[in-house]
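Each chain, written out:
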Amino acid sequence: MNMDEIKAVYLADLEVVEDAKQLADFWTKYLGKGGEVQKLMNGIKNVPKEEKKAYGQAVNEIKNWAQALYDEKKTELDKQAILARYEEEKVDVTLPVKTVAAGNLHPLTSMKNEMINVFAGMGFEIFEGPEIEDDDHNFTRLNVLKDHPSRDMQDTFWLTEDLLLRTHTSPGQIRVMDMEKPPIKVLVPGKVFRSDSDATHSPMFSQLEGLVVDKHITLCDLQGMLDQFVKAIFSDEAKTRLRPSYFPFTEPSVEVDVSCFKCGGKGCSLCKGTGWIEVLGGGIVNNKVLENCGIDSSKYSGLAFGIGIERIAMLKYGINHMGKLFENDIEFLKQFKA
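Note that this is a predicted model, so its numbers are computed, not measured.

S.K.: In this structure, what is going on with the pairing of strand 8 (residues 250-259)? I would like to understand it.
M.R.: Residues in a regular strand point their side chains to alternate faces of the sheet. Within strand 8, eight of the 10 residues are buried, which leaves the element mostly enclosed by the surrounding structure. Sheet topology note: the strand 7 (residues 240-247)/strand 8 ladder contains seven bridges and is antiparallel. Residue pairing in the sheet places Phe247 in a bridge with Thr250 of strand 8. Here strand 7 hands over to strand 8 after two residues, the two strands then running antiparallel side by side. The pairing of strand 8 with strand 9 (residues 276-285) spans eight bridges and is antiparallel. Among the inter-strand pairings, Ser259 is bridged to a residue of strand 9, identified as Trp276.

This is the structure in structure tokens:
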């Protein structure tokens, strides 16, 4: 093509360019190294010597003219792109704000933290043991021998002949007494597992185990601690009572009741008319358990208690089925905002 033809085609092609990609293709066709303008410049070798100067000037004029039109088109497309982006990203500040609901702790987590805080104020430390235990820590050294009938009460999930999912957090007592010498004052929170399921039981639930080992520990110390616990969790007027019970790792053993915080002990549906609600079990650590951990039972005694965290949460929050605590129902969980 001669210069006039290139100008005409150049203007026509530039007119239909609408975006950056088309502009890039246009540059390659006309102003790139192999483009039409460059071909004109390369053609100077075929021009007679006396015409080279005029030809070169004419080609430079076309090149400058083409570059100026290209730059003008590029500026126009850049402005259009910016305006389009502004239009796409603009925000209507008059629209209502989209609120994001704040999260909150699960009621079991809140309950566990609250319970730990109460006992931490009494000087208890925290220990967390493994969820997979061996027979020795979970049963034998807690005075639950191989043929002991209380093993049947546990409904154990066995993994091998010796390994199991712990049925209580009491193995943590053994591990702490193996590592430390008296005085000992420790809480062992964590998940435990038993093959049991109904409105008030679950195959997996949470316990908070407490252990104190020192000189001259008695049931009075246990009741005094638990009195402070129920007052902090339920009501300033709450009281505890101890009833004889049996656990192989404590002697004597007790079930602990709290005075009904709903009716004040007068009798209601929550306490089934008795004025009392069973909340946990405990007792004085069996001498055999202390001796199994190398602690001289003639010098030291201990107390232990185990509290079901779900049990306390259900009582405090009025939950009638344990399953609700594990279903992850958002509407249910929203009720427990701190």
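There's plenty left to go through after this.
S.K.: Explanation requested: the nonpolar core in the structure shown.
M.R.: Inside soluble globular proteins, nonpolar side chains tend to come together where they are buried. One finds Met115, Phe119 and Phe305 to be the most contacted residues of the largest nonpolar core, which totals 44 residues. Secondary-structure elements contributing two or more residues to this core are helix 5 (107-120), strand 6 (204-214), helix 9 (219-233), strand 8, strand 9, strand 10 (301-308), helix 11 (309-317) and helix 12 (330-333). Ignoring sequence-local partners within four residues, the contact set of Met115 consists of Leu208, Phe229, Ile233, Ile307, Ile309 and Ile312.

S.K.: What's the story with a nonpolar patch on the surface in this structure? I'm lost.
M.R.: On the surface, Ile82, Leu83 and Tyr86 cluster together to form a nonpolar patch covering roughly 340 Å² of accessible area. The exposure class assigned to Tyr86 is exposed, which follows from its relative accessible area of 56%.

S.K.: What is the right way to read the packing of aromatic side chains from this model?
M.R.: In this description, a pair of aromatic rings is defined by centroid distance and the angle of the planes. Scanning the model with the defined rule gives nine aromatic pairs in all. Here a set of aromatic residues connected by ring pairs shows up, and it is made of Phe119, Phe124, Phe229 and Phe305.

S.K.: Just to check I follow, could you spell out the packing of helix 5 against helix 9 for this structure?
M.R.: Pairs of packed helices are described in terms of their axes, by the angle between the two and the distance that separates them. It is the contact of helix 5 with helix 9, at a shortest axis distance of 10 Å, that shows an interaxial angle of 135°. In terms of orientation, helix 5 and helix 9 fall into the oblique class. Here the hand of the crossing between helix 5 and helix 9 comes out right-handed. Contact residues: Met111, Glu114, Met115, Val118 and Phe119 in helix 5; Leu226, Gln228, Phe229, Ala232 and Ile233 in helix 9. For the contact of helix 5 with helix 9, the residue count by class is eight nonpolar, one polar and one charged.

S.K.: Can you help me understand the packing of helix 5 against helix 11 in this one?
M.R.: Contact geometry of helix 5 with helix 11 gives a least axis separation of 9 Å together with a crossing angle of 100°. Looking at the two axes, helix 5 sits roughly perpendicular to helix 11. Facing helix 5, whose interface residues are Pro107, Leu108, Met111, Lys112, Glu114 and Met115, helix 11 presents Ile309, Glu310, Ile312, Ala313, Lys316 and Tyr317. The residue inventory of the contact of helix 5 with helix 11, partitioned by class, reads eight nonpolar, no polar and four charged.

S.K.: Where do I start with helix 9 in this structure?
M.R.: Since one α-helical turn is 3.6 residues long, residues separated by three or four positions face the same way. For helix 9, spanning 15 residues, the distance from its first C-alpha to its last is 21 Å, which sits close to the expected 21 Å at 1.5 Å a residue. Taking the backbone nitrogen of Cys220 as reference, a side-chain oxygen 3.2 Å away marks Thr218 as the first, capping residue of helix 9.

S.K.: I tried to follow the pattern of salt bridges on my own but got confused; where do I start?
M.R.: When the charged atoms of two side chains with opposite charge come close together, those side chains can pair. Applying the stated criterion to the full structure yields 13 salt bridges. Note that Glu87 and Lys90 form a salt bridge whose closest N and O atoms lie 3.0 Å from each other. According to the relative accessible area criterion, Glu87 is partly exposed, its value standing at 49%. Residue Lys90 is classed as exposed on the basis of its relative accessible area of 56%.

Rules used throughout
- Residues numbered from 1 in each chain as written.
- Predicted model: local features only at pLDDT ≥ 70, side-chain atom pairs only at ≥ 80, totals over all residues.
- Heavy atoms only, no water.
- Buried < 20%, exposed > 50% of the residue type's maximum accessible area, 1.4 Å probe, protein only.
- Helix = DSSP H or I, 4+ residues; strand = E, 2+ residues; numbered from the N terminus.
- Pairing = 2+ DSSP bridges.
- Core = buried A, V, L, I, M, F, W, Y, C linked by side-chain atoms within 4.5 Å.
- Contact = heavy atoms within 4.5 Å.
- Patch = residues over 30% accessible without salt bridge, like charges linked within 9 Å, V, L, I, M, F, W, Y side chains within 5 Å.
- Areas by Shrake-Rupley, 256 points an atom, 1.4 Å probe, with all protein chains shown as cover.
- Salt bridge = Lys/Arg side-chain N within 4 Å of Asp/Glu carboxyl O.
- Phe/Tyr/Trp six-rings, centres within 6.5 Å; stacked < 30°, edge-to-face > 60°.
- Axes fitted to C-alpha atoms, helices over the stretch in contact; angles between N-to-C directions.
- Parallel < 35°, antiparallel > 145°, perpendicular 65-115°, else oblique.
- Left-handed = near helix turned anticlockwise from the far one by under 90°.
- Nonpolar A, V, L, I, M, F, W, Y, C, P; charged D, E, K, R; others polar.
- Expected span 1.5 Å × (residues − 1).
- Polar contact = N/O pair within 3.5 Å; in protein donor to acceptor, adjacent residues only side chain to side chain.

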